[in-house]
Amino acid sequence: MSQIEKSRPQPQHMPHRSELPPESRRKPRPEPREKGARRTAVRRDLSASIVVFLLAVPLSLGIALATGAPPQAGLVAAVVGGIVAGLLGGAPLQISGAATGLLVVTADLVQRYGWRATCAITVLAGLAQLALGAARVARAALAISPAIVHGMLAGIGVTIAIGQLHVVLGGSPDSSALDNAAALPGQLEHPHLAALLIGAVTVAVLVGWGRLPGRAGRWARMVPAPLAAVLAATAASAGMAVPRVDLPSWQMPELPALPDASVPAIAAAVLTVTLVASMESLLSAVAVDRLAAEQPGAPVARAHLNRELAGQGVSNAVSGLLGGFPISGGAMRGSANVKAGAVSRRSTVLHGVWVLVCAGLLAGALEQIPLAALAALVMVVGIRMVSFAHIRHVQRHREFPVYAATLGAVVILGVLQGVATGIAVAVFLALRRLTHTRITVTEEPDSHRVRVTGQLTFLAVPRLTRTLALVPPQANVVVELCGSFMDHAAYEALQTWSTAHQAHGGWVTLSGRSRRPIAEPASAHACRPWTPWRNHHCTRPAPARESVPESSGSQLMGGVSAFQRHTAPLVREELARLAREGQRPTQLFLTCADSRLVTSMITSSGPGDLFTVRNVGNLMPPPGSDSSCDSVGAAIEYAVDVLKVGSITVCGHSGCGAMAALLTSAPAGSQGDSHTGVQSTDATPLARWLRHGRPSLARMERIGRLGRGEVALSERPVADDQERLALVNVMQQLDHLMAHPCVARRVAEGSLALHGMYFHVGEAQAYVLDEPSGRFCAVRAEAAPVTV
């Protein structure tokens with residue numbers, strides 16, 4: 001993927017106003033399209049913050065009440081998670097609040113030690129998260145098998161659902177999931193009918209809200225399903241004598257107090273809260289980040305996981321000090337934020353502000369909510385934590401035993417013990433797969449087939465040699481390797497036997513899982529990606545080959561042959577997918593036809609990533625300038641209106657022959673430039689095409705004549721007029737792009753971004769345009785899309 005869309009480096013050095021000439025000290029006025037895009041982004045963030053606020057209030061109350069914590073603890077967590085984590089976190093679109101995954105753990109802590117001690121444990125867990133973020137270990141946490149994480153969340157969900165079902169039936173849950181399951185038949189025999197009715201209404205609305213048909217359904221889906229369910233249940237409970245939310249008057253929270261327990265017990269509690277909250281936050285950040293990347297027109301930076309972990313730590317420490325629930329990022333709330341159109345962390349922070357205002361001004365309305373409705377809401381959340389999509393995914397990768405062991409151990413033993421059990425089972429399965437190898441010999445009509453299933457390591461060498469010894473001499477043998485790993489000892493054993501068998505007149509073919517032959521190339525191909533290609537001969541066919549004539553195209557055909565031999569097997573599956581699904585590029589890249597510009601190399605992109613338009617001088621004729629130049633305009637229209645690309649980049653480069661021709665063109669009637677061969681008249685197609693570059697030349701001359709300053713590079717002066725014209729040309733072509741109605745409309749909507757870029761061929765350095773300052777800023781190697 002191109003890094004242009006993912007990061008825009010800032011200038012390394014900006015001169016002070018006193019260093020600038022007087023005519024250049026005025027602050028540049030924002031372009032109209034920038035103002036429109038900014039207003040659109042603010043509107044989208046405001047709308048999304050209201051949607052998430054309406055979702056967060058009932059969910060926060062339900063989670064707090066399900067644990068026995070004070071009801072306002074959930075609201076405190078939502079406020080702190082929105083404002084503190086929103087400002088400090090590294091995942092701008094993730095919504096943090098009361099941690100669903102910690103519901104079971106928190107309920108146990110409240111029952112054992114009380115609420116003040118639970119707040120102290122939350123503070124300590126927050127400090128531990130802050131230390132882990134400072135130690136930059138967030139990425140390492142994602143090394144835990146997804147089967148363990150999904151199994152842990154599913155186990156927590158089962159425990160939540162069983163416990164809250166008791167509340168829906170009018171009873172009270174026990175701290176143990178096994179005890180709750182054992183008491184469930186008796187509770188079903190004697191339900192509280194009013195509570196059961198309220199719970200049934202809540203579940204029915206939650207399940208059916210998103211399935212309402214027609215125009216009414218589209219309008220209804222503007223209200224989050226949890227809010228609609230709670231409102232419906234509250235209305236249905238009018239006049240019923242059922243327990244309701246009781247919000248005590250707000251007062252200064254009591255300071256947390258360490259529990260009266262041993263140090264190992266406190267350490268285990270802190271470790272459990274830290275582990276579950278961190279894993280839930282990091283996985284949610286990755287999921288929300290992936291979802292945001294799929295949304296058109298969401299120009300946000302990729303998640304900074306270590307910063308996110310540190311931000312969650314600060315949030316938990318603050319929440320614990322204020323008497324709030326433990327905090328983590330939530331995939332459900334974050335997904336709702338992205339789908340509601342959020343584009344920045346403004347939405348996250350504003351949602352926390354709205355919760356704070358609601359808690360202060362609408363406490364009376366919140367106290368009308370029946371507890372059974374909140375219990376039903378949390379019960380459904382718990383059930384949805386057991387995802388059948390995750391189960392199918394885990395089963396497809398043969399990790400279901402890990403998933404099942406983690407789930408069962410979490411329900412029976414607890415979260416920390418369940419995760420430890422899952423890790424133990426995962427390690428056992430990995431060792432078994434590494435050591436379990438099956439080797440068979442099958443006699444076929446014209447050959448013998450040796451099939452190796454599993455990983456071929458030194459532990460399997462004795463069995464491999466015994467099996468190969470059963471193959472008759474001088475036989476035709478196909479060795480089929482179905483594993484994904486072969487160590488050096490196994491390779492040596494197989495190679496030694498193959499050499500000996502061939503020396504005795506036999507024939508050996510090695511094949512992989514796809515049954516394609518495995519063979520080394522006849523000659524070593526030592527070049528690496530983007531080796532200098534001048535006088536590069538390794539892809540030229542050998543002289544003995546008569547299938548490719550020795551001509552100027554030999555290197556090209558040699559390269560195609562090398563592609564078929566080395567690269568095609570690696571990309572065939574991905575290209576087949578693109579052939580089935582069609583192209584879905586995210587960016588349009590308009591650049592010069594110069595052979596030295598390799599777009600896939602500069603942008604680190606692959607098949608399906610870029611929709612590329614190349615022409616002499618990377619020119620973009622404005623609409624109506626010449627009917628014979630509709631090719632570029634047609635490509636722009638197709639990319640913007642049909643492919644729905646999210647960005648367009650115009651890339652110029654150093655040493656551009658088109659810019660040189662524009663600078664050296666003589667008045668009409670002269671002989672033109674002998675070096676480029678371009679006539680200054682419009683007698684040739686090339687000369688007629690270069691007319692579209694004259695506005696760039698006039699713009700450069702006008703800037704210099706009127707003293708308005710000029711385009712600049714961030715770290716060095718512009719080398720000469722040819723480089724200056726190439727930079728000005730990029731800016732001019734961006735203006736030409738805005739003259740196309742389809743581009744202007746998408747930019748005004750905020751769903752399309754325009755970028756300028758300049759590539760210096762000799763330095764292998766890319767520069768990205770910072771439009772407000774008119775400077776091209778160097779892209780640095782450390783500017784990665786995901787920083788850890």
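Residues numbered from 1 in each chain as written. Predicted model: local features only at pLDDT ≥ 70, side-chain atom pairs only at ≥ 80, totals over all residues. Heavy atoms only, no water.

Draft legend 1. Molecular detail of the environment of Ala 748. Mapped onto the elements of the fold, Ala 748 is located in helix H30 (residues 741–749). Using a relative accessible area of 46% as the deciding quantity, one classes Ala 748 as partly exposed. Residues Ala 748 and Thr 40, 708 residues apart in the sequence, show an inter-C-alpha distance of 7.8 Å. (Helix = DSSP H or I, 4+ residues; strand = E, 2+ residues; numbered from the N terminus. Buried < 20%, exposed > 50% of the residue type's maximum accessible area, 1.4 Å probe, protein only.)

Draft legend 2. Expanded view of the packing of helix H21 (residues 461–468) against helix H22 (residues 488–503). In the contact formed by H21 and H22, the axes pass within 10 Å of each other and the chain directions differ by 15 degrees. Classified by the angle between their axes, H21 and H22 sit roughly parallel to one another. In this structure, H21 crosses over H22, and the sense of that crossing is right-handed. Taking contact as the criterion, the partners of Val 461, Leu 464, Thr 465 and Leu 468 in H21 are, on H22, Ala 489, Ala 490, Ala 493, Leu 494 and Trp 497. In the contact of H21 with H22, the residues fall into eight nonpolar, one polar and no charged. (Axes fitted to C-alpha atoms, helices over the stretch in contact; angles between N-to-C directions. Parallel < 35°, antiparallel > 145°, perpendicular 65-115°, else oblique. Left-handed = near helix turned anticlockwise from the far one by under 90°. Contact = heavy atoms within 4.5 Å. Nonpolar A, V, L, I, M, F, W, Y, C, P; charged D, E, K, R; others polar.)

Draft legend 3. Inspection of the nonpolar core at higher detail. Judged by nonpolar contacts, the single largest core of 49 residues is most densely connected at Leu 102, Trp 115, Met 152, Ile 156, Val 273, Phe 325 and Val 415. No other element matches helix H7 (residues 146–168), which puts eight residues into this core. Contacts of Val 415, omitting those with residues within four sequence positions, involve Val 105, Met 152, Ile 156, Thr 272, Val 276 and Val 410. Counting residues in each nonpolar core, the second largest holds 47 residues, with Leu 590, Val 728, Leu 754 and Tyr 758 among its members. (Core = buried A, V, L, I, M, F, W, Y, C linked by side-chain atoms within 4.5 Å.)

Draft legend 4. Region of the structure containing the confidence of the model for the chain. Overall, the predicted model of the chain reaches an average pLDDT of 80, with 83% of residues at or above 70. Per-element mean pLDDT across the chain ranges from 42 in helix H1 (residues 3–6) up to 94 in strand S10 (residues 647–653). Low pLDDT, under 50, characterises residues 514–550; the predicted model gives this stretch 40 contacts beyond four residues in sequence or across chains. Confidence drops under a pLDDT of 50 for residues 666–680, and excluding neighbours within four residues, the segment shows 22 contacts in the predicted structure. (pLDDT = per-residue confidence, 0-100.)

Draft legend 5. Layout of H7. Across its 23 residues, H7 extends 32 Å between first and last C-alpha, which sits within 8% of the 33 Å expected from 1.5 Å per residue. Taking burial as the measure, the 23 residues of H7 include 19 buried ones, the bulk of the element. At the C-terminal side of H7, Gly 170 shows a positive phi close to 95 degrees. (Expected span 1.5 Å × (residues − 1).)

Draft legend 6. Here's a closer look at the side chain of Thr 599. Tracing the backbone through its elements, the reader meets Thr 599 in helix H24 (residues 599–603). Excluding anything up to four places from it in sequence, Thr 599 contacts Phe 589, Thr 591, Ser 605, Leu 610, Thr 612 and Arg 614.

Draft legend 7. Region of interest: the packing of helix H5 (residues 115–134) against helix H12 (residues 263–293). Orientation of H5 relative to H12, taken along the N-to-C sense of each, is 60 degrees, at an axis distance of 9 Å. The orientation of H5 with respect to H12, classified from their angle, is oblique. In this structure, H5 crosses over H12, and the sense of that crossing is right-handed. Facing H5, whose interface residues are Ile 121, Leu 124, Ala 125, Ala 128, Gln 129 and Leu 132, H12 presents Ile 266, Ala 269, Val 270, Val 273, Thr 274, Ala 277 and Ser 278.

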